[in-house]
Amino acid sequence: DDDDDDDDDVALAHKAKRFKATGSRAPPSAAGWHDPALRRKLVATGADERTAAKILKKLALAANKQRESVRASTNAFVASRGGGDAPVKMESFTVGEGSRERKKCKLTCSGVALEVHEGHLHKLRLLWAISHANEDGELQFDESVFRRDAFCILCRYAAMQGGGQTAGGGFQAALYPQAFCVLKERFGVFCECFASPLNCHFPCFASACQDVDRAFGSLGSFFDGFSKLVMGPWMDAQRRAVVKKRADGGGVIRVPHSFECNPPFEEAMVRAMADQLERLLRAYEASRLVLQFFVFIPAWGEEKSDAWSRLNGSAFLSKNVTVPAVLHGYTEGSQHTKHHQRAVASHDTSIFMLQTKRAREMYVVDELTEELLTAMRPK
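Regarding the overall build of the protein chain
No. 1: Looking only at helices and strands, the protein chain features 13 helices and 11 strands.
No. 2: Burial statistics for the protein chain: of 379 residues in total, 43% are counted as buried.
No. 3: Within the protein chain, contacts between residues at least 6 apart in sequence are counted, and of these 68% link residues at least 24 apart.
No. 4: Summed over its atoms, the accessible surface of the protein chain is roughly 19,300 Å², and 53% of this surface lies on carbon and sulfur atoms.

Here it is in structure tokens:
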């Protein structure tokens, strides 16, 4: 029953919310000095190590100076428009005709207007409601606060994708809903490691912008808040579930153990993700617990990518499938504003299925391949 499955997702999201990390840490003022990925790229273009270090330092200082300038101008702008409590106005309108007709909403605050599909705004309402409900599921919905929070994430992701409402979005592309359904039904996937309130499929997700995403249920960054959950409360919950299952002589207690990873396709990011996955899987393997990740990245190959090699060489790799570009697609990163929300992939994709020994005993990945590939075909 689909309704029952949705209820399960919401219940798990509530449990995750109780444990999720709060707060966000500001990056060190000179964080850019030690960016190894950028240093490697500079050296690859011909700069020596000393020159690369000088460039990194100058970039970091310039970026920090610009950040302070933007912060000051933003504060001045907000003050000139009536302070931080400026209302967010909302209006609905229709674009296109016939089969191309779409309903959209415009959120406006202090003269800045952002558009979003009506369906995505409805999803944001549901995520906001789940995140703000108490233990009994009760909620006093505050429309003005919701609009403010929605406006903030629309601003943030528009800026991250290049400033235009329909521009870019490559780093925010997602699997088709049909693919998520296969992962959920066959392997118990209920949480995304790299998502946002705008592109997530499940109400349980990790994301990059904790300061604005928290209002919609984000667990925090994959590398911070999410990993703390996996190594803390979720690991403890699985241990208790195993003990209870043995005591009861059977039965299944559903606890988080299966996750989807579709990170930004950037070498340094994917390498860091691969290292973190290895640490998490080793910890669960040592405790004889169930943990598995389904990772989707470009099929870069060993010669071009150290990150790809690390995933392919993992002791926890159960299967690696390469999907030709013409045989699959993704949901656009700007799906919440664009008319065309799906696109054929621009590159071959590697699907890495990483599992602990206990996970292999519970799930056979060979049974997944054809079903998942069918769900990923261009729509």
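Observations regarding the pattern of salt bridges
No. 1: Inspection of every chain in the model, using the stated rule, returns 16 salt bridges.
No. 2: A salt bridge links Glu-371 to Arg-186; the shortest N-O distance between them is 2.2 Å. With Glu-371 in helix H13 (residues 369–375) and Arg-186 in helix H6 (residues 177–187), this residue pair connects regions lying 185 residues apart in the sequence.
No. 3: In this structure Glu-371 comes out as partly exposed when scored by relative accessible area, which is 32%.
No. 4: Close ionic contact of Arg-271 with Glu-267 constitutes a salt bridge, the shortest N to O distance being 3.3 Å. You can see Arg-271 and its partner Glu-267 sitting in helix H10 (residues 267–286), four residues apart, about one turn around the helix.
No. 5: Where salt bridges share partners, they join Glu-267, Arg-271, Asp-275, Asp-306 and Arg-310 into one cluster.

Some words on the confidence of the model for the protein chain
No. 1: Chain-level pLDDT for the protein chain is 83 on average; 82% of the residues reach the 70-or-more range.
No. 2: With pLDDT under 50 throughout, residues 12–31 is counted as low confidence; its partners more than four residues away or in other chains account for 40 contacts.

What to know about the sheet that holds strand S8 (residues 317–323)
No. 1: Spatially, S5-S4-S6-S7-S11-S8 is the arrangement adopted by the six strands of the open sheet, whose pairing is mixed. Lying at the two open borders of the sheet, with one neighbouring strand each, are strand S5 (204–207) and S8. Going from strand to strand, the sheet's axes swing by 15° on average, the running direction of each strand aside.
No. 2: Sheet topology places strand S7 (residues 292–298) next to strand S11 (residues 349–355); seven bridges connect them, and they run antiparallel. Counted as the bridge partner of Phe-293 is Leu-354 from S11.
No. 3: The strands that H10 touches are strand S4 (191–195), strand S6 (258–261), S7 and S11; relative to S7, the one it contacts most, it runs at about 165°.

Considering the packing of helix H4 (residues 118–132) against helix H5 (residues 143–160)
Between two packed helices, what matters for the description is the angle formed by their axes and the separation of those axes.
No. 1: Viewed as axis vectors pointing N to C, H4 and H5 meet at an angle of 115°, and their least axial separation amounts to 11 Å. The handedness of the crossing between H4 and H5 is right-handed. Side by side, H4 and H5 meet where Leu-121, Leu-124, Arg-125 and Trp-128 of the first sit next to Glu-143, Val-145, Phe-146, Asp-149, Ala-150 and Ile-153 of the second.
No. 2: Of the residues assigned to the contact of H4 with H5, the class counts are seven nonpolar, no polar and three charged.

Here we look at H10
No. 1: The first and last C-alpha atoms of H10 sit 29 Å apart over 20 residues, in line with the 28 Å expected at 1.5 Å per residue.
No. 2: Burial in H10 covers these residues: Val-270, Arg-271, Met-273, Ala-274, Gln-276, Leu-277, Glu-278, Leu-280, Leu-281, Ala-283 and Tyr-284.
No. 3: At the N-terminal end of H10, a side-chain oxygen is found 3.0 Å from the backbone nitrogen of Ala-268, two or three residues along, and the residue is Glu-266.
No. 4: Note on H10: the residue one or two positions beyond its end, Arg-288, has a positive phi of about 55°.

Considerations on the environment of Pro-87
No. 1: Secondary-structure assignment places Pro-87 in the loop between helix H3 (49–80) and strand S1 (89–95).
No. 2: Sequence-wise, Pro-87 and Val-145 are 58 residues apart; in three dimensions their C-alpha atoms are separated by 9.1 Å.
No. 3: Sequence-distant contacts of Pro-87, that is, excluding residues within four places in its chain, are made with Thr-108 and Cys-109.

Quick word on the state of the cysteines
Here a disulfide denotes one covalent bond, and it connects the sulfur atoms of two cysteines.
No. 1: Scanning all chains against the criterion turns up zero disulfides.
No. 2: Cysteine Cys-152 is unpaired, with the sulfur of Cys-155 as its nearest cysteine sulfur at 6.7 Å.
No. 3: Relative accessible area serves as the criterion here: at 34%, Cys-152 is assigned to the partly exposed category.
No. 4: In this model Cys-193 remains outside any disulfide bridge; the closest cysteine sulfur is found in Cys-261, 3.4 Å from its own.

Looking at the packing of aromatic side chains
No. 1: Evaluation of the coordinates by the stated rule reveals 19 aromatic pairs.
No. 2: Ring plane angle 45° and centroid distance 6.4 Å describe the contact between Phe-190 and Phe-259, whose orientation is recorded as tilted. One end of the pair, Phe-190, is in the loop between H6 and S4; the other, Phe-259, is in strand S6, and 69 residues separate them in sequence.
No. 3: Classification of Phe-190 by relative accessible area gives buried; the value is 2%.

Some points on the environment of Thr-356
No. 1: Within the secondary structure, Thr-356 sits in the loop between S11 and helix H12 (357–362).
No. 2: Its relative accessible area of 0% is what places Thr-356 among the buried residues.
No. 3: With 40 residues separating them in the primary sequence, Thr-356 and Phe-316 have C-alpha atoms 6.0 Å apart.
No. 4: With residues up to four places along the chain from it excluded, the contact list for Thr-356 reads Leu-281, Tyr-284, Glu-285, Leu-289, Val-290, Leu-291 and Phe-316.

Some points on the sheet that holds S1
No. 1: One open sheet accounts for three strands, arranged S1-S2-S3; its pairing is antiparallel. What marks the edges here is a single partner per strand, and that holds for S1 and strand S3 (112–117). Going across the sheet, the axis of each strand differs from the next one's by a mean of 25°, ignoring polarity.
No. 2: Two strands pair when backbone bridges link them, and strand S2 (residues 102–109) and S3 are joined in this way by six bridges, in the antiparallel orientation. Looking at the pairing, Lys-106 lines up with Glu-115 of S3.
No. 3: Packing against the sheet, H4 makes contact with S1, S2 and S3, and its axis sits at approximately 95° to S3.
No. 4: Strands S1, S2 and S3 of the sheet are contacted by H5, whose axis makes an angle of about 90° with S3.

Rules used in this analysis
- Residues numbered from 1 in each chain as written.
- Predicted model: local features only at pLDDT ≥ 70, side-chain atom pairs only at ≥ 80, totals over all residues.
- Heavy atoms only, no water.
- Helix = DSSP H or I, 4+ residues; strand = E, 2+ residues; numbered from the N terminus.
- Buried < 20%, exposed > 50% of the residue type's maximum accessible area, 1.4 Å probe, protein only.
- Contact = heavy atoms within 4.5 Å.
- Areas by Shrake-Rupley, 256 points an atom, 1.4 Å probe, with all protein chains shown as cover.
- Salt bridge = Lys/Arg side-chain N within 4 Å of Asp/Glu carboxyl O.
- pLDDT = per-residue confidence, 0-100.
- Pairing = 2+ DSSP bridges.
- Axes fitted to C-alpha atoms, helices over the stretch in contact; angles between N-to-C directions.
- Left-handed = near helix turned anticlockwise from the far one by under 90°.
- Nonpolar A, V, L, I, M, F, W, Y, C, P; charged D, E, K, R; others polar.
- Expected span 1.5 Å × (residues − 1).
- Polar contact = N/O pair within 3.5 Å; in protein donor to acceptor, adjacent residues only side chain to side chain.
- Disulfide = S-S within 2.5 Å.
- Phe/Tyr/Trp six-rings, centres within 6.5 Å; stacked < 30°, edge-to-face > 60°.

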